[in-house]
Amino acid sequence: MKIQILTSKNSWLNSNKKFFIKRKGIWKNVKIINNHKRIKKNTDITAILSYYNIIPEKFFKYSKHNLVVHESDLPKGRGFSPLYWQIINGANKVTFSLFECSKKMDSGKIYIKRKFIFPHSFTYDEIKRKQLASALELIKTFIKNFKKKKIRSSIQKGKATYYKKIPKNLSKININKSIISQINIIRTRDNQKFPSYFFYKKRKYYLKLFTE
């Protein structure tokens, strides 16, 4: 089988690929590429994870299946950062959907849906690790079904809902409110790229979260 994962150079998966994809079993011959122009023709499966560029439609024809994992119970929760919106809103059990990439955003046929637990104590790095490990688990299941020729799909049914991009000012903490009332925002912020912050007496303070 010819299998490849397409992810951006600066994606979290790409910087942690040795941790997530151990070179044995199903993943032994999987190639990780960082540009859609490197997708080879006659590929069996191309999994698209954390890839931030638009892929011209012609490249979808190079693979039998172009897989995407979206962290919502599609068609509910299409759009941007569904996992983080749900955690911010208090969820700890999140449905992941593995589907076929299509022209319209997050509208392709569904292959697998599975629920995963994200404890309320998880911080950003823990959430990312769980997110990517869960996505790879779904892809692994699909590969096994593909080998056994037991792939089943279903068309998305129901009214679609959409998440917007997370605004930059979401990281701003209100010092007049309690920490506990804002903890889901704080723990979904990246300490390096977009940490929580607040203003006090005309100064900006960054709030970074560490656990033991």
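Residues numbered from 1 in each chain as written. Predicted model: local features only at pLDDT ≥ 70, side-chain atom pairs only at ≥ 80, totals over all residues. Heavy atoms only, no water.

Participant: Which parts of the structure should I look at to understand the side chain of Gln4?
Facilitator: The topology assignment puts Gln4 in strand S1 (residues 3–6). For Gln4, the side chain forms a polar contact with the side chain of Thr46, separated by 3.0 Å. Not counting residues up to four positions away in its chain, the partners in contact with Gln4 are Val30, Lys31, Ile33, Arg38, Ile39, Lys40, Thr43, Ile45, Thr46, Ala47 and Ser63. (Helix = DSSP H or I, 4+ residues; strand = E, 2+ residues; numbered from the N terminus. Polar contact = N/O pair within 3.5 Å; in protein donor to acceptor, adjacent residues only side chain to side chain. Contact = heavy atoms within 4.5 Å.)

Participant: Quick question: what am I supposed to make of the pairing of strand S6 (residues 93–100) here?
Facilitator: Working note: regular strand, side chains alternate between the two faces of the sheet. Burial of S6 is extensive: 7 of the 8 residues sit out of reach of the surface. Sheet analysis places strand S4 (residues 63–70) next to S6, joined by 4 bridges and oriented antiparallel. Residue pairing in the sheet places His70 in a bridge with Ser97 of S6. Bridge count for S6 against strand S7 (residues 110–117) is 7 bridges, and the pairing is antiparallel. When the sheet's bridge partners are listed, Phe99 is paired in S7 with Ile110. (Buried < 20%, exposed > 50% of the residue type's maximum accessible area, 1.4 Å probe, protein only. Pairing = 2+ DSSP bridges.)

Participant: Would you take a moment to explain the environment of Lys157 for this structure?
Facilitator: Position of Lys157 relative to the elements: it lies in the loop between helix H4 (124–147) and strand S8 (162–163). Judged by relative accessible area, which is 72%, Lys157 ranks as exposed. As for Lys157 and Thr43, which are separated by 114 residues in sequence, their C-alpha atoms are 29 Å apart.

Participant: Just to check I follow, could you spell out the pairing of strand S9 (residues 196–200) for this structure?
Facilitator: Judged from the 5 bridges that link them, S9 and strand S10 (residues 203–207) form a sheet pairing that is antiparallel. Within S10, the residue paired with Tyr200 across the bridge is Arg203. Between the antiparallel neighbours S9 and S10 lie 2 residues, among them Lys201 with a positive phi of about 50 degrees.

Participant: Honestly, the sheet that holds S7 in this entry has me stumped. Any pointers?
Facilitator: Two modes of strand pairing occur in sheets, parallel and antiparallel, and in both the strands are linked by backbone hydrogen bonds. The strand order across the open sheet formed by 6 strands is S2-S1-S3-S4-S6-S7, and the pairing between neighbours is mixed. Of all the strands in the sheet, the pair left with one neighbour each is strand S2 (31–33) and S7. Across the sheet, the axes of successive neighbouring strands diverge by a mean angle of 20 degrees, strand direction being ignored. Each of S1, strand S3 (43–48), S4, S6 and S7 touches H4; the most contacted strand, S7, lies at about 145 degrees to it. (Axes fitted to C-alpha atoms, helices over the stretch in contact; angles between N-to-C directions.)

Participant: I'm lost on a nonpolar patch on the surface in this one. Help?
Facilitator: Among the surface-exposed residues, Phe80, Met105 and Tyr162 lie close enough to one another that they form a single nonpolar patch of about 290 Å² accessible area. By relative accessible area, Tyr162 is classed as partly exposed at 45%. (Patch = residues over 30% accessible without salt bridge, like charges linked within 9 Å, V, L, I, M, F, W, Y side chains within 5 Å. Areas by Shrake-Rupley, 256 points an atom, 1.4 Å probe, with all protein chains shown as cover. Salt bridge = Lys/Arg side-chain N within 4 Å of Asp/Glu carboxyl O.)

Participant: Can you help me understand the packing of aromatic side chains in this one?
Facilitator: Each aromatic ring pair is characterised by the separation of its centres together with the angle its planes make. Tallied over the entire structure, the rule returns 10 aromatic pairs. Relative to Phe118, the ring of Phe96 has its centre 6.0 Å away and its plane inclined at 10 degrees; by these criteria the two rings are stacked. With a gap of 22 residues between them, Phe96 in strand S6 and Phe118 in the loop between S7 and H4 connect regions that are remote in the sequence. By the burial criterion, Phe96 is buried, and Phe118 matches it. (Phe/Tyr/Trp six-rings, centres within 6.5 Å; stacked < 30°, edge-to-face > 60°.)

So far we have only geometry, and geometry alone does not tell us how the molecule works.
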